[in-house]
Amino acid sequence: MSDRYASFANSGPGRALVKRLGLPAPPVLRRYHSGDPLVTGPVMLAGAPGGRLDGPVRKMLTIAGVALDGGPRWSALVFDGTGIVDSAGLHPLYEFFHANARSLTSGGRVIVLGTPPAACASPREATAQRALEGLTRSIGKEFGRGMTAQLVYVAPGAEEFTDSTMRFLLSGRSAYVSGQVIRIGQVSSSPLTDWDHPLEGKVALVTGAAQGIGAAIARVLARDCARVVVLDVPAAGEALARVANEIGGTALQLDLTRPDAPSTLAAQLLSRHGKVDIVVHNAGITRDKTIAKMSAEQWDAVIDVNLSSQERINDALIPLLPEGGRIISVSSTSGIAGNRGQTNYATSKAGVIGLVQSMAPILAPQGVTINAVAPGFIETRMTARMPLAAREVGRRMNSMSQGGLPVDVAETIAWLAAPGSAGVTGNVVRVCGQMWLGA
Ligand code: NAD
């Protein structure tokens, strides 16, 4: 699970050799540690004339104690592009990033704010707003040194609901998230978030939490003050109990594919905790084979655990979710780009995206959000088992030249789970270091 190449490349002699040979140089990523400030230095905030977001973003940064002047080095470059109404209006983006690209610190952040093309008043405006995707994705691939770049589309009327997303993207919590397009929609209200204890009073269920990504999700949600119920198959009971003890949570041994799993789960949550606020569908399996060689059992098992069980659990738990409830499903970049030998897995993970996108409008009137995270190459036992060559390709072929850590997926889920993320629903956010392979 350790990336020996990255450790070598960051050592004294390694750094020189990697540079001389032109090999990938994985930067040390800026990850969040408790007590860290939001950013490491001043933030430059600019925008095209007529933008809607300068005021709300400036206010959020000021409340967070972030300096908006200073330089010459900036920890983040934020550009409000909501005032751009046609393609000629894209020029200020060139001016801004041309002038400031070199002044961004290592591990810095680029955030471009736009209007969702579907909400634009004219085809010309929609065209220019859609163009922002190409800019941010290219910056993510160009800047290097652990910097990230995102486009955040903010619907008209949602200007006051951006804080939670901006804080996530500016902080070290989003270290392995880059090249993403995030959509914030209008909501009737978004409760004030206590940024130090965002999940205080919430009960969270995390499936597949005995190890790997699920255990990391449980730890981060507990750090953010949720009461966490960790669930896994009985065979993983010991490891599950260790995770539950470590975070002061509750362990629930249950095979999600059992026909009575949804009703047992609902009954257990109600009897032990009286409610559930956050459901994280993380449990997943692989049974890799090319489709010609795959058995029907291998196909069925993967679809059942990774997709159908999520649907059945949702049917049982959605009626229990209060206003402000959250569902977060773990998909995969394989579900977006496809992957050789993973027809079953990619089908299930693409299905998860369909589930999230089709359920989001249905759950919106209930005040419940549903989103997916799609991890790329994450350093876990699952990826440690891959053949060396495939593992090295997975690790290096992204803008960070390294695999992500389970905590990177967990931090993304914690952002989506936060009360302040009420306007974020139906999104699919990749946690893949901006993987170069893809659809
Ligand atoms: P993992 O195998 O380490 O953990 C998955 C957990 O799910 C295990 O503890 C397992 O016992 C549990 N589980 C499996 N079937 C279950 C069932 N029927 N009922 C209850 N629990 C069950 O895997 P991981 O690498 O931590 O992956 C977690 C999630 O992230 C999965 O959905 C996986 O598909 C997804 N993912 C992982 C990667 C990666 O690089 N590791 C990449 C993309 C997506």
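Criteria and cut-off values
Residues numbered from 1 in each chain as written. Predicted model: local features only at pLDDT ≥ 70, side-chain atom pairs only at ≥ 80, totals over all residues. Heavy atoms only, no water. UniProt positions renumbered as here; feature names shortened; annotations may be inferred. Helix = DSSP H or I, 4+ residues; strand = E, 2+ residues; numbered from the N terminus. Buried < 20%, exposed > 50% of the residue type's maximum accessible area, 1.4 Å probe, protein only. Contact = heavy atoms within 4.5 Å. Pairing = 2+ DSSP bridges. Axes fitted to C-alpha atoms, helices over the stretch in contact; angles between N-to-C directions. Near = heavy atom within 4 Å. Polar contact = N/O pair within 3.5 Å; in protein donor to acceptor, adjacent residues only side chain to side chain. Areas by Shrake-Rupley, 256 points an atom, 1.4 Å probe, with all protein chains shown as cover. Nonpolar A, V, L, I, M, F, W, Y, C, P; charged D, E, K, R; others polar. Patch = residues over 30% accessible without salt bridge, like charges linked within 9 Å, V, L, I, M, F, W, Y side chains within 5 Å. Salt bridge = Lys/Arg side-chain N within 4 Å of Asp/Glu carboxyl O. Domains from an automatic or database assignment. Buried area = accessible area lost by both parts, 1.4 Å probe. Core = buried A, V, L, I, M, F, W, Y, C linked by side-chain atoms within 4.5 Å.

Under an unreviewed UniProt entry, the name given to the chain is 3-oxoacyl-[acyl-carrier protein] reductase, and the organism recorded is Asanoa ishikariensis. A UniProt comment under Sequence similarities (unreviewed entry) is attached to the chain, and it reads "Belongs to the short-chain dehydrogenases/reductases (SDR) family."

Participant: Explain the side chain of His281 residue by residue, including any values.
Facilitator: Along the chain, the position of His281 falls in strand S9 (residues 278–281). The exposure class of His281 is buried, given its relative accessible area of 3%. The residues contacting His281, other than those within four sequence positions of it, are Thr207, Gln310, Ile313, Asn314, Ile327, Ile328, Ser329 and Val330.

Participant: Let's hear about the sheet that holds strand S7 (residues 227–232): which residues, and what values?
Facilitator: What the seven strands build is an open sheet, ordered S8-S7-S6-S9-S10-S11-S12; its pairing is parallel. At either margin of the open sheet sits one strand with a lone partner, and together these are strand S8 (250–253) and strand S12 (428–431). Ignoring strand direction, the axes of neighbouring strands in this sheet form an average angle of 20°. As judged from the four bridges shared by S9 and strand S10 (residues 326–330), these two strands associate in the parallel manner.

Participant: Before we move on, can you summarise helix H14 (residues 388–396) with the specific residues and values?
Facilitator: Considered for burial, the residues of H14 that qualify are Arg391, Gly394, Arg395 and Arg396. Where H14 is buried, its residues touch helix H1 (4–9) and helix H13 (381–384).

Participant: Summarise the site of the ligand; cite the residues concerned and give the values.
Facilitator: Lining the immediate surroundings of the ligand are 27 residues, of which Gln211, Ile213, Asp232, Asn282 and Tyr345 lie closest. One nitrogen or oxygen atom from the main chain of Ile213 is found 2.8 Å from an oxygen atom belonging to the ligand. The separation between an oxygen atom of the ligand and a polar side-chain atom of Lys349 is 2.9 Å. Taken by itself the ligand offers 830 Å² of open surface, and the protein chains cover 92% of this. Those elements that place two or more of their residues in the shell around the ligand are helix H7 (212–223), S7, helix H12 (343–363) and H13. A per-class count over the shell around the ligand returns 13 nonpolar, 11 polar and three charged.

Participant: Just give me the short version of the sheet that holds strand S1 (residues 43–47), but keep the residues and values in it.
Facilitator: Spatially, five strands are ordered S1-S2-S3-S4-S5 in an open sheet, and the strand pairing comes out parallel. Looking at which strands have only one partner, the edges of the open sheet turn out to be S1 and strand S5 (180–184). The mean inter-strand angle of the sheet, taken between neighbouring strand axes irrespective of direction, is 20°. Both S1 and strand S2 (residues 74–80) contribute to a ladder of five bridges, which runs parallel. When the bridges of S2 are listed, Val43 appears paired with Ala76. Its contacts with the sheet put helix H5 (residues 123–143) on strand S3 (104–114), strand S4 (148–154) and S5, and the angle it makes with S4 is roughly 165°.

Participant: I'd like a rundown of a nonpolar patch on the surface, residues and numbers included.
Facilitator: A contiguous nonpolar surface patch, about 360 Å² in accessible area, is contributed by Val393, Met397, Trp436 and Leu437. By secondary structure assignment, the location of Val393 is in helix H14. What makes Val393 partly exposed here is its relative accessible area of 42%.

Participant: I'd like to hear about the domain arrangement of the chain, residue by residue, with values.
Facilitator: If you check the domain split of the chain, you get domain 1 (24–184) and domain 2 (203–431). The C-alpha centroid of domain 2 is placed 28 Å from the C-alpha centroid of domain 1. With 27 residues of domain 1 at the interface, the matching set in domain 2 holds 28 residues. In total, about 2200 Å² of surface goes out of reach between domain 1 and domain 2, with carbon and sulfur atoms giving 55% of it. The largest per-residue losses of area from domain 1 upon contact with domain 2 belong to Arg31, Arg173 and Tyr176, which jointly make up 31% of the total buried on that side.

Participant: Lay out the nonpolar core with the relevant residues and their values.
Facilitator: Of all hydrophobic cores here, the largest spans 66 residues; its most connected members are Val78, Leu113, Leu170, Leu221, Val228 and Val230. Ranked by the residues each element gives to this core, the list is headed by H7, at eight residues. For this core, the two domains that each supply at least three residues are domain 1 (24–184) and domain 2 (203–431). Once residues within four sequence positions are removed from consideration, Val78 is found in contact with Val43, Met44, Leu45, Ala46, Val57, Phe96, Ile111, Leu113, Met166 and Leu170. Counting residues in hydrophobic clusters, the runner-up holds 30 residues, among them Leu231, Leu254, Ala261 and Leu269.

Participant: Describe the pattern of salt bridges, and please don't skip the residues or the numbers.
Facilitator: Applying the stated criterion to the full structure yields 16 salt bridges. Residue Glu411 is joined to Arg173 by a salt bridge in which the shortest nitrogen-to-oxygen separation is 3.8 Å. Highlighted residues: Glu411 in helix H15 (residues 406–417) and Arg173 in the loop between helix H6 (163–170) and S5, separated in sequence by 238 residues. Owing to a relative accessible area of 5%, Glu411 belongs among the buried residues under this scheme.

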